[in-house]
Amino acid sequence: MFLVQREYLLDAVESAVSQLDYLFNYLKRFRILTATQVLSTGAEALNQMILKCWLAENGTKHLFSEHYPGEPVMVSENNYQHKLFNGDQGIFLKFIHPVTKKVELKAVFPVEEEHKTFYVHELHHLHPAYATSVHKSQGSEYDHLALILPAFTKVGVNSESEKGTQRELMSREMLYTALTRAKKSVLIMGDQRVLESAAMHIVLRYLGLGAALRSKTI
């Protein structure tokens, strides 16, 4: 895509507001969601696979250290100095420095109805975001998404701890959160047994509110 490889003027970011808005809307068309960050079916592994595919297609000529133009990224911790918060999403693009005229890679984020740029060293908790966990996707919406289920693991008949661990990876609540992130379509990829188990597993949360109200004397 031309807009991804284009070199923007660092001192005139807002002159490209229509192109930047287009790119951010483009990123909302599709996203991969996972049950966890870790494991072979987690967001970290999938993002590494996507990076390898990108390198196979483009080589290293457009690679700046570990990031590249067009790479979607997500902030994983609040950064009050830059007004970026956990779950905020941005994209890496190339910019021409106004003084040195060198091409630099910076992350662009929508911040308070403006587009702000940041160097990698300014953002210490930044992760690739082609694939994100269902938990991290809360509050976001995409036109289409693919939900990658964790691998089905056979456990021993008496291994209740292993069964419990497997069930905890997916639940009906997590499925609901994932499916409601999509506005148009969802592609679910994985073992049907994992999907069926998740649909049957309801997470019970005890808040103690009912007991507290019952014990309160009036």
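Everything in this summary refers to the structure shown in the same document. Because the structure is predicted, anything quoted here is derived from the model rather than measured.

So, about the overall build of the chain. Looking only at helices and strands, the chain features seven helices and ten strands. Out of the 218 residues in the chain, the part that is buried amounts to 39%. The long-range share in the chain, meaning contacts at least 24 apart out of those at least 6 apart in sequence, stands at 65%. As displayed, the chain offers around 13400 Å² of accessible surface, 56% of which is attributable to carbon and sulfur atoms.

The four strands lie next to each other as β8-β2-β9-β10, forming an open sheet whose pairing is parallel. Here the strands that pair on one side only, and so sit at the sheet edges, are β8 (131-133) and β10 (182-189). Averaged over all pairs of adjacent strands, the angle between strand axes in this sheet comes to 30°, irrespective of strand direction. Where strand β2 (residues 30-34) and β8 come together, three bridges link them in parallel fashion. Within the sheet, the bridge partner assigned to L33 lies in β8 and is T132. In the packing of helix α5 (residues 172-179) onto the sheet, the strands contacted are β2, β9 (142-148) and β10, and the crossing angle to β10 comes to about 130°.

Next up on the list: the pattern of salt bridges. For the structure shown, the criterion picks out four salt bridges. For the salt bridge of K116 with E114, the shortest nitrogen-to-oxygen distance reads 2.9 Å. Residue class for K116 comes out partly exposed when judged on its relative accessible area of 35%.

Attention now moves to the environment of L123. Structurally, L123 is set in the loop between β6 (114-118) and β7 (126-128). When its relative accessible area of 7% is taken as the criterion, L123 is described as buried. Each C-alpha atom, one on L123 and one on N79, is 8.1 Å from the other, the two residues being 44 residues apart in sequence. Look past the residues within four positions of L123 in its chain and what remains in contact with it is N79, H82, L84, A107, F109 and F118.

What follows concerns the packing of aromatic side chains. Tallied over the entire structure, the rule returns five aromatic pairs. On the numbers, 5.7 Å between centres and 70° between planes, the contact of Y80 with F85 is edge-to-face. Between F109 and F118 the ring centres are 6.2 Å apart and the planes differ by 65°, which places this aromatic pair in the edge-to-face class. In this structure, F109 and F118 share a single accessibility class: buried. The ring of Y119 is capped by K106, whose NZ or CZ atom sits 4.1 Å from the centre of that ring.

Another point: a nonpolar patch on the surface. A cluster of nonpolar side chains, L179, V186 and I188, forms an exposed patch at the surface whose accessible area comes to about 200 Å². Summarising the element assignment, I188 is placed in strand β10. Overall, the relative accessible area of 34% leaves I188 in the partly exposed class.

What tends to happen in soluble globular proteins is that the nonpolar side chains get buried as a cluster. Of all hydrophobic cores here, the largest spans 14 residues; its most connected members are Y8, L20, L23, I91, L93, F95 and V108. Breaking this core down by element, the ones donating at least two residues are α1 (2-5), α2 (17-27) and β4 (89-96). Per element, the largest residue contribution to this core is four residues, and it comes from α2. Residues contacting F95, with those up to four places away along its chain left out, are Y8, L9, L10, V13, K102, V103, E104, K106, V108 and T117. One finds L149, M170, A182 and V194 within the second-largest nonpolar core, a separate group that totals 13 residues.

Summarising burial for β2: four of the five residues are buried, a large majority. With five bridges connecting them, β2 and β9 associate as parallel partners. Each bridged residue has a counterpart across the sheet, and for R31 the counterpart in β9 is L145.

Scoring rules and cut-offs
Residues numbered from 1 in each chain as written. Predicted model: local features only at pLDDT ≥ 70, side-chain atom pairs only at ≥ 80, totals over all residues. Heavy atoms only, no water. Helix = DSSP H or I, 4+ residues; strand = E, 2+ residues; numbered from the N terminus. Buried < 20%, exposed > 50% of the residue type's maximum accessible area, 1.4 Å probe, protein only. Contact = heavy atoms within 4.5 Å. Areas by Shrake-Rupley, 256 points an atom, 1.4 Å probe, with all protein chains shown as cover. Pairing = 2+ DSSP bridges. Axes fitted to C-alpha atoms, helices over the stretch in contact; angles between N-to-C directions. Salt bridge = Lys/Arg side-chain N within 4 Å of Asp/Glu carboxyl O. Phe/Tyr/Trp six-rings, centres within 6.5 Å; stacked < 30°, edge-to-face > 60°. Lys NZ or Arg CZ within 6 Å of the ring centre and 35° of its normal. Patch = residues over 30% accessible without salt bridge, like charges linked within 9 Å, V, L, I, M, F, W, Y side chains within 5 Å. Core = buried A, V, L, I, M, F, W, Y, C linked by side-chain atoms within 4.5 Å.

Interpretation in functional terms is not warranted from these geometric data alone.
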